[in-house]
Amino acid sequence: MNERDSEQVARMFVEGGYTLTREEQDADAILVNTCSVRDQAEQKALGKMGMMGKHREKRGHVVYGFMGCMAQSRGEELFDRVPHLDLVVGTQKYHRVFGYVDDILRRRQEERMDDPSMALEGHTVEEGASSPAPGEGRLVDTGLEKDSQNTIRDHVVAGKQATAFVSIMQGCNMRCSFCIVPDTRGRERGRPIPDVVEEVERLAQQGTREVTLLGQIVNLYGRTEFAKVNGKSPFVQLLEAVHEVEGIERIRFTSPHPIGYRDDLVEAFTYLPKLCSHIHFPMQSGSDRILKAMRRPYRNEKFITICEKMKAARADLAITTDIIVGFPTETEEDFQATVDCVKRLQFDNSFIFRYSKRKDTPAAEMEGQIPERVKEERNQELLKIQGEIATRKNAALIGTRQEILCTGPSKTNKERLSGRTTQNKIVIFDGDETRLTGEILEVDIEDSTGFTLFGKIVTRG
Ligand code: SF4
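On a predicted model such as this, the values are computed, not experimentally measured, just so you know.

Novice: Looking at this model, I keep getting lost on the sheet that holds strand S10 (residues 278-280). Mind explaining?
Specialist: Whether parallel or antiparallel, the strands of a sheet pair through hydrogen bonds between backbone atoms. Read across the sheet, three strands follow the order S10-S11-S12 without closing on themselves; strand pairing throughout is parallel. What marks the edges here is a single partner per strand, and that holds for S10 and strand S12 (349-354). Across the sheet, the axes of successive neighbouring strands diverge by a mean angle of 10 degrees, strand direction being ignored. With three bridges joining them, S10 and strand S11 (residues 318-325) adopt parallel strand pairing. Bridge pairing links Ile279 to Ile319 in S11. Taken strand by strand, helix H16 (residues 372-395) contacts S11 and S12, and its axis lies near 175 degrees from that of S12.

Shown next, in the form of structure tokens:
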């Protein structure tokens, strides 16, 4: 979701006549979009921003800004942590970042032009720009803004882009006791179906073949704004509308929640063939007692029932999940309930996190915090179990023929191409990047590691 928000900001700069650069020393504005889900991510963002302050020495006009969740939750306090910071912009204000940065840059340029010593000495504005005085021109905007969910809608399409993320809503009305999202992202706000469809149509015209619909609780999209029609939730109505878009071959969504995962969504997998055979479905814990402490209002049995219904609706469905180990008060018995559930459901992959305290969340204040050593042991045990399941499942695909969408060069080996199966498994193969990126291909799977498949394109003679 942060990636998608960053893309929207980047697009506004491109439209405003700026060029994107990956080289921080060349940039006139350095913006860091921040995540607050784990403390480590915040520390990393602060460290990186601190290091990048050195560019001010040579280029005094450079604008520094934090956007996103950490900006939202910490606000002004960030100016104390990073003295060279100019801008702190919250999660409902991404669409304002360009205007703020552009204003600051113009003001700094004008100030230099008004300085007669610059003209007399024959400097360019940039060479002559000196650093702003500490505190000068600082701006913080973390307020709420009605309809801000409708502003994440444009893309930076660089060359052939086979896949794209589409943000369909912002915020979350749940109150999981470990999560800071409801504070940083605000309440649930869905975009109207026609707006989302229009964005997907534009992507399809530019060559995108697969879209992933994004929301904090994606299946609850629009529940407070849009009506059910013929018993179908707004989310299923949206899936049906996106399914109609010509040129889009695959649809994914992330992440659904057991609350509101109803039969209309299960059934959609039986009549919408563009829906990929994969869901990323966060379980968090296999213990009802821990789910309750997490303030996740469902029992593990409900989660299992949904998974089983989904597998019945789509026989080749892959399920991946998120799990937290070492949540406060988690006993060995609770942890074993999670292990049992992982073994029973045979997830294709799990993202396993050791619980870490997040400031201003109820779980951070709970009694019964688990020692790091125990969290680490449980983490390692579960990783091992999940690794074995994933390796076995991927090995079973050797010798099969899979349909993949080619997404371009592999991230780890630019000489080879990468694509994904409908189950979202990565396949590496050889071929011509220009010709094959964005194409749906058949690949014979020849080898596998735990999480990656290797194959050969099927050529028809
Ligand atoms: S459902 Fe829970 S974990 Fe997910 S964003 Fe909402 S509060 Fe956070």
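Novice: Got a minute to help me understand the site of the ligand in this structure?
Specialist: Surveying the vicinity of the ligand reveals the residues Cys172, Met174, Arg175, Cys176, Cys179, Val181, Pro182, Gln216, Ile217 and His257. When grouped by side-chain class, the residues that make up the shell around the ligand number seven nonpolar, two polar and one charged.

Novice: What should I look at first to understand the packing of helix H10 (residues 193-205) against helix H11 (residues 234-243) in this one?
Specialist: Any two packed helices are characterised by how steeply their axes cross, that is the angle between the axes, and by the distance between the axes. The N-to-C vectors of H10 and H11 enclose an angle of 30 degrees; their axes lie 10 Å apart at closest approach. Classified by the angle their axes make, H10 and H11 are roughly parallel. H11 is crossed by H10, and the crossing has right-handed handedness. Across from Ile193, Val196, Val197 and Val200 in H10, the residues of H11 making contact are Gln237, Leu238, Ala241 and Val242. For the contact of H10 with H11, the per-class residue count stands at seven nonpolar, one polar and no charged.

Novice: Just checking my understanding: could you explain helix H2 (residues 39-52) for this structure?
Specialist: Each α-helix turn comprises 3.6 residues. Residues three or four places apart therefore point the same way. A rise of 1.5 Å per residue sets the reference length of H2, with its 14 residues, at 20 Å; its end C-alpha atoms lie 20 Å apart and thus fit the reference within 8%. Among all positions of H2, only Glu42, Ala45 and Met49 are buried. Down the axis, H2 shows its buried residues gathered within 65 degrees of arc, on one side only. Summarising the geometry of H2, the exposed residues directed more than 90 degrees from the buried face are Gln40, Gln43, Gly47 and Met51.

Novice: Is there a simple way to think about the domain arrangement of the protein in this case?
Specialist: Often, the extent of an interface is quoted as the loss of accessible area on bringing the components together. Domain annotation for the protein reports domain 1 (2-141), domain 2 (148-395) and domain 3 (401-457). Residue-level contacts link 20 residues of domain 2 with 14 residues of domain 3. Considered class by class, the residues forming the side of domain 2 that touches domain 3 number five nonpolar, eight polar and seven charged.

Novice: Whenever I open this one, the environment of Asn173 confuses me. Can you help?
Specialist: Counting through the fold element by element, Asn173 comes out in the loop between strand S6 (169-170) and helix H9 (181-185). Separated by 47 residues in the primary sequence, Asn173 and Leu220 have C-alpha atoms spaced 9.8 Å apart. With sequence-adjacent residues up to four places away left out, Asn173 is seen in contact with Arg187 and Glu188.

Novice: Explain the sheet that holds strand S16 (residues 440-448) to me, please; I cannot follow it from the model alone.
Specialist: With respect to topology, five strands assemble into a closed barrel ordered S13-S14-S15-S17-S16, the strand pairing being mixed. Averaged over all pairs of adjacent strands, the angle between their axes in this sheet comes to 50 degrees, without regard to strand direction. Both S16 and strand S17 (residues 452-457) contribute to a ladder of five bridges, which runs antiparallel. Paired with Asp447 across the bridge in S17 is Phe454.

Novice: What am I meant to see in the pairing of strand S14 (residues 417-421) here?
Specialist: Strand residues, when the strand is regular, have side chains that alternate between the two faces of the sheet. Counting buried positions along S14 yields four of five residues, so the element is predominantly enclosed. Of the pairings in the sheet, the one linking strand S13 (residues 401-409) to S14 comprises five bridges and is antiparallel in character. Bridge pairing in S14 links Leu405 to Arg420. Counting the residues in the hairpin turn of S14 and strand S15 (residues 426-429) gives four residues, including Asn424, whose phi is positive at 70 degrees.

Novice: It is not clear to me how the environment of Glu433 should be interpreted in this structure. Could you clarify?
Specialist: The residue Glu433 is located in helix H17 (residues 433-436) in this model. Considering only alpha carbons, one finds Glu433 and Met52, 381 residues apart in sequence, at a separation of 35 Å. Aside from chain neighbours lying at most four places away, what touches Glu433 is Gly408, Pro409 and Leu417.

Novice: Would you mind showing me how to read H11 here?
Specialist: Among the 10 residues of H11, seven are classified as buried, and the element is accordingly described as predominantly covered. Among all positions of H11, only Pro234, Phe235, Val236, Gln237, Leu238, Leu239 and Val242 are buried. Buried residues along H11 sit against strand S7 (189-190), H10, strand S8 (210-214), strand S9 (250-254) and helix H12 (263-271).

What counts, and at which threshold
Counting restarts for each chain: residues are numbered from 1 in the order of the written sequence. This being a predicted model, a pLDDT of at least 70 is required before a residue's local features are given, and a value of 80 or more before pairs of side-chain atoms are given or counted; all residues contribute to the totals for chains, interfaces and linings. Being paired, for any two strands, means DSSP has found at least two bridges between them. In DSSP terms, a helix is any run of H or I states spanning at least four residues, a strand is any run of E spanning at least two, and both are numbered starting from the N terminus. Fitted lines through C-alpha atoms give the axes, limited to the stretch in contact for helices. The angle between two N-to-C directions lies from 0 to 180 degrees. Residue pairs qualify as contacts under a 7 Å threshold applied to their C-beta atoms, which are placed from the backbone. Only the C-beta atom matters for this test: placed from the backbone, it must lie within 6 Å of a molecule or strand for the residue to be near it. Note on residue categories: nonpolar means Ala, Val, Leu, Ile, Met, Phe, Trp, Tyr, Cys or Pro, charged means Asp, Glu, Lys or Arg, and polar means any other residue, Gly included. Here roughly perpendicular refers to angles of 65 to 115 degrees, roughly parallel to angles under 35, roughly antiparallel to angles over 145, and oblique to all remaining angles. Put simply, a crossing is left-handed when the front helix is turned counterclockwise from the back one by less than a right angle, and right-handed when it is turned clockwise. For a helix, the expected span equals 1.5 Å multiplied by the residue count minus one. We call a residue exposed when 12 or fewer other C-beta atoms sit within 10 Å of its C-beta, buried when the count reaches 20 or more, and partly exposed for counts in between; the C-beta positions come from the backbone. It is the directions from the helix axis to the C-beta atoms that the arc portrays. The domain limits used here are those given by an automatic or database domain assignment.

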